[in-house]
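Single-letter residue listing:
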Amino acid sequence: MAKNPRDNIITLPNPHLRQRSKKIGLITPEVRKLIASMEAAVKDWDKSREHEVTVAFAAVQIDKLYRVIIVRDDFEHKTPARYSALINPVVVKVEGDIERDYEGCLSIQHIYGHVPRHNKVRIKALDINGKEVRVKAEGFLARVLQHEIDHMNGRLFIDHIKDDPQAFFKLKSDGHLEQLDYEKDVRDNRLLW
Ligand SMILES: [Zn+2]
């Protein structure tokens, strides 16, 4: 049977998720191909899910350890799915208050976290044409960008909440989140740490 694009997505405990991704030098046709593969994986994964839409994705999640992320252009609507690529993204500055909100990750199956993040961030990156772009983001987009840039450095959302028994959730089949038992399901879970 043909492999689905979503089968390229790696999940914990794959140790590559804990490694630093490499900077892109030149934006070659291979980099464009990588971005196309990332989009294909995300679109295919979304098709398989009823309650979730992928808002962003990092190259390491298809086991390509390069500093490339894609971010969905429209968070509100499920179609059409369009993405912008950010190459070598770096946080220039984090600002604002620390806010908590829910986060999931295609590379951490079945777990959601209530994760504290700065609510404003400034980043810079290259676009697909190699032009420098600067993004000043607030709220949910600021959260998403911090999550993805963490991926470049082998950091995952669970690392921000690992000592917080109240912060771990799972998605029920009806689309609601239910708190996980920290002692039983989280703290000593060898698949996570
Ligand atoms: Zn993620």
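Residues numbered from 1 in each chain as written. Predicted model: local features only at pLDDT ≥ 70, side-chain atom pairs only at ≥ 80, totals over all residues.

**Brief notes about the overall build of the protein**
Scanning the protein from terminus to terminus reveals three helices and seven strands. Here the protein has a C-alpha radius of gyration of 16 Å; the compact-globule value for 193 residues is 16 Å, and the two agree. Taken along its principal axes, the extent of the C-alpha atoms in the protein is 50 × 45 × 35 Å. Each of the 193 residues in the protein was classed as buried or not, and the buried ones make up 32%. Considering only residue pairs separated by 6 or more positions, the protein has 62% of its internal contacts joining residues 24 or more positions apart. (Helix = DSSP H or I, 4+ residues; strand = E, 2+ residues; numbered from the N terminus. Rg over C-alpha atoms; globule rule 2.2 N^0.38 Å. Buried ≥ 20, exposed ≤ 12 C-beta atoms within 10 Å, placed from the backbone. Contact = placed C-beta atoms within 7 Å.)

**Side note on the pairing of strand β5 (residues 132-138)**
Here strand β4 (residues 108-126) runs beside β5; their pairing, made up of seven bridges, is antiparallel. Pairing of K124 across the sheet is with R134, part of β5. Hairpin connection of β4 to β5: five residues between the antiparallel strands, including G130 at a positive phi of 85°. (Pairing = 2+ DSSP bridges.)

**Quick notes on helix α1 (residues 29-47)**
In this model, α1 (19 residues) spans 27 Å end to end at C-alpha, consistent with the 27 Å of a helix rising 1.5 Å per residue. Every buried residue belonging to α1 is among V31, L34, I35, M38, A41, V42 and W45, and all of these are buried. Buried residues of α1, seen end-on, are gathered within an arc of 120° and therefore sit on one face of the element. The exposed set on the far side of α1, more than 90 degrees from its buried face, consists of P29, R32, K33 and K47. Buried positions along α1 lie against β1 (56-58), β2 (68-72) and β3 (83-105). (Expected span 1.5 Å × (residues − 1). Arc of directions from axis to C-beta.)

**Re the pairing of β4**
Taken together, the 13 bridges between β3 and β4 define a ladder with antiparallel strand orientation. Bridged to D101 within β4 is V115. Two strands pair when backbone bridges link them, and β4 and strand β6 (residues 168-171) are joined in this way by two bridges, in the antiparallel orientation. Paired with Y112 across the two strands is F169, which belongs to β6.

**Quick word on the nonpolar core**
Ranked by size, the top nonpolar core spans 38 residues in total, and within it M38, F57, V68, I69, I70 and V71 carry the most contacts. Where this core is concerned, the elements lending two or more residues are α1, β1, β2, β3, β4 and α2 (139-152). At seven residues, α1 tops the list of elements feeding residues into this core. Residues contacting M38, with those up to four places away along its chain left out, are F57, A59, I62 and I70. (Core = buried A, V, L, I, M, F, W, Y, C linked by C-beta atoms within 7 Å.)

**Description of α2**
Since the α-helix turns once every 3.6 residues, residues separated by three or four places project in the same direction. With 14 residues, α2 should reach 20 Å at 1.5 Å per residue; the first-to-last C-alpha distance of 21 Å fits that figure. With ten of 14 residues buried, α2 lies mostly within the body of the structure. Buried within α2 are the following residues: A142, R143, V144, L145, Q146, H147, E148, I149, H151 and M152. As for α2, its buried residues are in contact with β1, β2, β3, β4 and β5.

**A few points about the environment of E95**
Examined against the element boundaries, E95 turns out to sit in strand β3. Look at E95 and you get exposed, because 12 C-beta atoms sit within 10 Å. In this structure, the C-alpha to C-alpha distance between E95 and N14, residues 81 residues apart in sequence, is 32 Å. Those residues in contact with E95, other than ones at most four positions away along the chain, are H118 and K120.

**Overview of the environment of D101**
Within the element layout of this structure, D101 appears in strand β3. Under the C-beta neighbour-count criterion, D101 is labelled partly exposed, with 13 such atoms within 10 Å. C-alpha of D101 to C-alpha of Q61: the two residues are 40 residues apart in sequence and 22 Å apart in space.

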